[in-house]
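What follows is each chain in one-letter form.
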Amino acid sequence: MRKALFFVLFLLLIVAVCAQVFKTRKIAPAENVVIPIVGAKGKKVLTRFNAPAGYTIIRTAPGSFSEYLQLMPLKPAGTPAVTYKGDVAGTEGYTAAIVDMSIGKENLQQCAD
């Protein structure tokens, strides 16, 4: 009986210590203004997307592939993604932008995933 009582008291002590160690602390809300990463007004990748807090977007070398990607034209914000058949893809929840690029009518584009 003493061993069982000692064991129960020991477990209660461990639970009490763990409760103190892992007690959650309340963090004061940040006073910084949050800038959304995706802006609706930009017409190119460089102007549509803002850098996350603590980062900066750098201009790349003229004529580089990086510059090509940064200056890629985008369709207006809210434009739905379409499938190869022309149907709305239903990806609004996770599509940040649609590239404004002609892919022709021959159904030659392939998905990379």
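Residues numbered from 1 in each chain as written. Predicted model: local features only at pLDDT ≥ 70, side-chain atom pairs only at ≥ 80, totals over all residues. Heavy atoms only, no water.

1. Let's talk about the overall build of the protein
Defined as follows: Helical segments are the DSSP runs of H or I of at least four residues, strand segments are the runs of E of at least two, and each set is numbered from the N terminus. When a residue's accessible area, from a 1.4 Å probe over protein chains only, is under 20% of the maximum for its type it is buried; when over 50% it is exposed; and in between it is partly exposed. Contacts are assigned to residue pairs with any non-hydrogen atoms lying within 4.5 Å of each other. All accessible-area figures derive from a Shrake-Rupley calculation using a 1.4 Å probe, and residue coverage is judged against the displayed protein chains alone.
Helix and strand content of the protein: three helices and zero strands. Along the protein, helices and strands appear, N-terminal first, in the series α-α-α. By residue count, 10% of the 113 residues in the protein fall in the buried class. Taking the contacts inside the protein whose residues are at least 6 apart along the sequence as the reference set, 46% of them involve residues at least 24 apart. Of the roughly 10,500 Å² that the protein leaves accessible, carbon and sulfur atoms contribute 64%.

2. Quick look at the side chain of Glu 67
To keep it simple, the criterion reads: The sign given to each residue is positive for Lys and Arg and negative for Asp and Glu; His and the chain ends receive no count. We define a salt bridge as a side-chain nitrogen of Lys or Arg found within 4 Å of a carboxyl oxygen belonging to Asp or Glu.
Along the polypeptide, Glu 67 turns up in helix α3 (residues 65-70). For the buried Glu 67, no salt bridge is present, and the opposite-charge side chain at shortest range is Arg 59, 4.3 Å distant. Every residue in contact with Glu 67, bar those within four places of it in the chain, is listed here: Arg 59, Thr 60, Ala 61 and Pro 62.

3. Focus: a nonpolar patch on the surface
Stated precisely, the cut-off is as follows: Residues form patches when they are more than 30% accessible in relative terms and have no salt bridge. Like charges link within 9 Å. Nonpolar side chains (Val, Leu, Ile, Met, Phe, Trp, Tyr) link within 5 Å.
Nonpolar side chains collect at one region of the surface, where Phe 65, Tyr 68, Leu 69, Val 99, Met 101 and Ile 103 lie side by side and expose about 590 Å² of accessible area between them. Considering the arrangement of structural elements, one finds Tyr 68 in helix α3.

4. Some remarks on the environment of Tyr 68
For Tyr 68, a relative accessible area of 44% puts it in the partly exposed group. In the structure, Tyr 68 is positioned 23 residues away from Val 45 in sequence and 9.7 Å away in space, judged by C-alpha atoms.

5. Re the side chain of Thr 91
Counted only if it meets this: Polar contacts, as used here, are pairs of N or O atoms within 3.5 Å; protein pairs need one atom able to donate a hydrogen and one able to accept it. Residues neighboring in sequence count only if both atoms are side-chain atoms.
The residue Thr 91 is located in the segment after α3 in this model. A polar contact is formed between the side chain of Thr 91 and the side chain of Thr 95, at a distance of 2.7 Å.

6. Comments concerning the confidence of the model for the protein
Under the convention used in this document: Per-residue confidence from the prediction method is given by pLDDT, with values spanning 0 to 100.
In this model, the protein carries an average pLDDT of 77, and 65% of its residues clear a pLDDT of 70 or more. By mean pLDDT, the top-scoring element of the protein is α3 (92), and the lowest-scoring one is helix α1 (residues 2-21) (65).

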